[in-house]
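Chains, contacts and geometry: an overview
Residues per chain are reported as follows:
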Amino acid sequence: MVNIILGAIALGLLWGIMTLGVHLTYRILDVADLTVEGTITTGGAIAAIMITSGINPWLSCLAALGAGLIGGLVTALLHTKLKIPALLSGILTMTACYSINLRIMGKANIPLPSTGSNKVETVFTPVHELMKKLVGEYDDSASAAWFYDIICSKNFSAMLVGILVIIVISVITYWFFGTELGCAIRATGNNQKMVRAQGISTTLMIIICLMLSNGLVALSGAFIAQYQAYADIQMGIGSIVIGLASLIIGEVLIGTKTFKRNLVALAVGAVVYRIIIALVMAAGMAANDLKLFTAITVTLCLSLPLIKDKLNKIVSKRNGEAAVTAEKEG
Amino acid sequence: MLKMIDIHKTFNAGTVNEKKALNGLNLTLEKGDFVAVIGGNGAGKSTMLNALSGVWPVDKGEIIVDGVNITKKVEHQRAPYLGRVFQDPMMGTAANMEIQENLALALRRGQKRTLRWGITEKERREYKELLATLDLGLENRMTTKVGLLSGGQRQALTLLMATLRQPKILLLDEHTAALDPKTAAKVLELSDKIISDNGLTALMVTHNMKDAIKHGNRLIMMNNGQIIFDVKGEEKKNLTVNSLLQKFTEISGSEFANDRMLLSE
């Protein structure tokens, strides 16, 4: 069970990068960008193909990020230059990505085994080795063997890498949106007319934001592929909904009072989502039902304000009637 | 300071909804001119400001600001020359951003956005002083999200933003129309003060004839996308609402029609 939770945390942190990317478009730019369903797979595909060719896994991640930037650029150009609605632009790029991803991979699935004859080195391998070495030196107490098992587990090292990466990316994001350029992008999501009146090209801001978002999503895909030990053409399906679910869970649990808090909320949301999924799976839900479960969760979360409002109205109406009756009787 | 030469703009050309909004408009502003713009429904008042700010390209004509031909420039490229305040108080500010962040965006109007920090400590102190001059208590709410401010507060802030970096021309597009009479009077007074303190050149569209007579050194009246009446100085000071309405009937040969004007008088 501990291992399952650990795995959920690790996977959640890696998906947290993707959630951050979704946040850039969905919350900051106020655009629902479906490109991510394609670019997350592109990231995984590029990382897989490069890693299996023996290229440094971190370099592969960087290349995945670059590919994501390009994916975002395509959507941004469709939207800003060809005036195609943002949602449709995203769908077009996502669809195109499917073919491109297959071209990159050459087949529907590339395994990234960590053991066996054709094992590969991922970003997690050195950390895993280090942990094993550290534990090996102190491994003289049998009573704490379960503890050492955890430290030596793949999930633990993945979690460490996940924590490191999400912190670095969150710090960079925090810095970026405090700069002049970052402020201009935030304003673009608020009020494009005002932004143009300040001499800022909203077109350029949309392009930059969509690129960064998809860059992060592809980077996330690269890490996820290494964690799950394969890249698959299907891995992006439903990812936007997972990203939104994580984003909303984080906002509800941690809040959005300040940007710092919001960034923490994104990571926490992604982790909590993964833990929930791990728990319902452990409770016996079929893996095939997961997407339905996620979609229903997101629907509920998105309609929460409306439901709350309706409930409040009913309650206040009842209270009002009660007050009137009380007055008459009094 | 400004020359608009033979400006034409037709909306929905070739359809049943075709509307000739600007019809050979000519306007020249001297430096320091504060011009009140009045006119009936669809006279082309706001359209003139939009043509000037580059919301869309004009069909014909040239726009020259301070010797620079800006006709071909798009909206954001014209921003260095123009400070703008809109009719809708929501339009001039970014609602989800702090008061100080909005000011910082405006301070950099027309400048390249770099990776330098978006707002400096020195700026913050300046903003605090400037906000204090508005007398709305905003200087103590620098980190409040602008969306939480009232319409009047937002318009006052937008006015401050539009003039934070001195514009060649300040464009006020019915900027008090959406406010209650008391707030409107306050914002108008503030506009007057900012314009005279900084010696700005300004175009103010208004639906209120009394305001148009009271404020500015010049008044122009528009009809059918052209300027039909242009007075300044002493002659303007002696205008009354009645004489203006009479003038309109005289020149245009029709009754003055402006829904909001009837309601507001």
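Model, not experiment: these values are computed from the prediction.

Concerning the domain arrangement of chain B
Residues and elements named next belong to chain B.
- One can read the domain layout of chain B as domain 1 (2–81 + 170–264) and domain 2 (94–166).
- Here the C-alpha centre of domain 2 lies 27 Å away from the C-alpha centre of domain 1.
- Taken residue by residue, the interface counts 15 residues in domain 1 and twelve residues in domain 2.
- Summing both partners gives a buried area of about 1100 Å² for domain 1 against domain 2, and 72% of it is carried by carbon and sulfur.
- Per-residue buried area on domain 1 facing domain 2 is highest for P80, L190 and I194; these three make up 33% of the total on that side.

Let's talk about the pattern of salt bridges
Residues and elements named next belong to chain B.
- Going through the model one piece at a time under the given rule, you end up with 16 salt bridges over all chains.
- Note that R108 is salt-bridged to E123, the shortest N-O span being 2.5 Å. In this pair, R108 is assigned in the loop between α3 (99–107) and α4 (121–134) and E123 in helix α4, connecting sequence segments 15 residues apart. Here R108 matches E123 in class, with each residue buried.
- As a salt-bridge pair, K122 and E126 come within 3.5 Å of each other at their nearest N and O atoms.

Here's the deal with the nonpolar core
- One finds A:I17, A:F223, B:I99, B:L103, B:L131 and B:L157 to be the most contacted residues of the largest nonpolar core, which totals 121 residues.
- Examining the composition of this core, we find that 13 residues originate from one element, helix α1 (residues 2–29) of chain A, more than from any other.
- When residues are assigned to domains, this core turns out to be shared by domain 1 (2–81 + 170–264) and domain 2 (94–166) of chain B, each giving three or more.
- Membership of the second largest hydrophobic core comes to 27 residues, among which are B:L25, B:L27, B:L49 and B:L82.

Observations regarding helix α6 (residues 181–198) of chain B
All names here are of chain B.
- Between its first and last C-alpha atoms α6 spans 26 Å; for 18 residues at 1.5 Å apiece the expected length is 26 Å, and the two agree.
- Residues A184, V187, L188, L190, S191, I194 and I195 constitute the buried set of α6. Down the axis, α6 shows its buried residues gathered within 160° of arc, on one side only. Along α6, the residues that are exposed and aim more than 90 degrees away from the buried face are K182, K186, E189, S196 and D197.
- Turning to α6, the residues buried within the fold contact β3 (34–39), α4, α5 (151–164), β7 (169–173), β8 (201–205) and α7 (209–214).

Concerning the confidence of the model for chain A
- Looking at chain A as a whole, its pLDDT mean stands at 92, while 95% of the residues score no less than 70.
- Ranking the elements of chain A by mean pLDDT puts helix α13 (residues 290–329) of chain A last with 80 and helix α3 (residues 57–80) of chain A first with 98.

Quick notes on the interface of chain A and chain B
- Counting from both sides, the interface comprises 22 residues of chain A and, opposite them, 31 residues of chain B.
- Both faces considered, chain A and chain B share a buried interface measuring about 2300 Å² in area, 60% of it formed by carbon and sulfur atoms.
- For chain A, the biggest contributors to the area lost against chain B are A:E180, A:K193 and A:Q198; these three give 30% of the whole.
- Where chain A packs against chain B, one counts three salt bridges.
- Between B:E101 and A:R186 there is a salt bridge, with its nearest N and O atoms 2.7 Å apart.
- The interface formed by chain A and chain B includes 14 residue pairs in polar contact (both at pLDDT 80 or more).
- Secondary structure elements with two or more residues in the side of chain A that touches chain B: α7 (154–176), α8 (180–190) and α9 (192–197) of chain A.
- It is α8(A) that provides the largest number of residues to the side of chain A that touches chain B, a total of seven residues.
- Classifying every residue of the side of chain A that touches chain B by side-chain character gives ten nonpolar, seven polar and five charged.

Observations regarding the sheet that holds β7(B)
Residues and elements named next belong to chain B.
- Spatial ordering of the open sheet is given by β6-β7-β8-β3-β9-β10, a layout of six strands whose pairing is mixed. One side of each edge strand has no neighbouring strand; the edge strands of this open sheet are β6 (82–85) and β10 (226–232). Between one strand axis and the next, the sheet turns through 20° on average, direction left out of account.
- One ladder, built from four bridges, connects β3 with β8; its direction is parallel. Following the sheet pairing, F34 is matched in β8 by A202.
- Its contacts with the sheet put helix α1 (residues 45–53) on β3, β6, β7, β8 and β9 (218–223), and the angle it makes with β7 is roughly 145°.

As for the pairing of β6(B)
All names here are of chain B.
- Burial of β6 is two-sided: the residues L82 and R84 facing one way and the residues G83 and V85 facing the other way are all buried.
- Sheet topology note: the β6/β7 ladder contains four bridges and is parallel. Within β7, the position partnered with V85 by the bridge is L172.

Describing helix α9 (residues 241–252) of chain B
- Compared with the 16 Å implied by 1.5 Å per residue over twelve residues, the 16 Å span of α9(B) between its first and last C-alpha is a close match.
- Once α9(B) finishes, B:G253 follows within two positions and takes phi at roughly 75°, a positive value.

About the cut-offs
Residues numbered from 1 in each chain as written. Chains lettered and ligands numbered in written order. Predicted model: local features only at pLDDT ≥ 70, side-chain atom pairs only at ≥ 80, totals over all residues. Heavy atoms only, no water. Domains from an automatic or database assignment. Contact = heavy atoms within 4.5 Å. Buried area = accessible area lost by both parts, 1.4 Å probe. Salt bridge = Lys/Arg side-chain N within 4 Å of Asp/Glu carboxyl O. Helix = DSSP H or I, 4+ residues; strand = E, 2+ residues; numbered from the N terminus. Buried < 20%, exposed > 50% of the residue type's maximum accessible area, 1.4 Å probe, protein only. Core = buried A, V, L, I, M, F, W, Y, C linked by side-chain atoms within 4.5 Å. Expected span 1.5 Å × (residues − 1). Arc of directions from axis to C-beta. pLDDT = per-residue confidence, 0-100. Polar contact = N/O pair within 3.5 Å; in protein donor to acceptor, adjacent residues only side chain to side chain. Nonpolar A, V, L, I, M, F, W, Y, C, P; charged D, E, K, R; others polar. Pairing = 2+ DSSP bridges. Axes fitted to C-alpha atoms, helices over the stretch in contact; angles between N-to-C directions.

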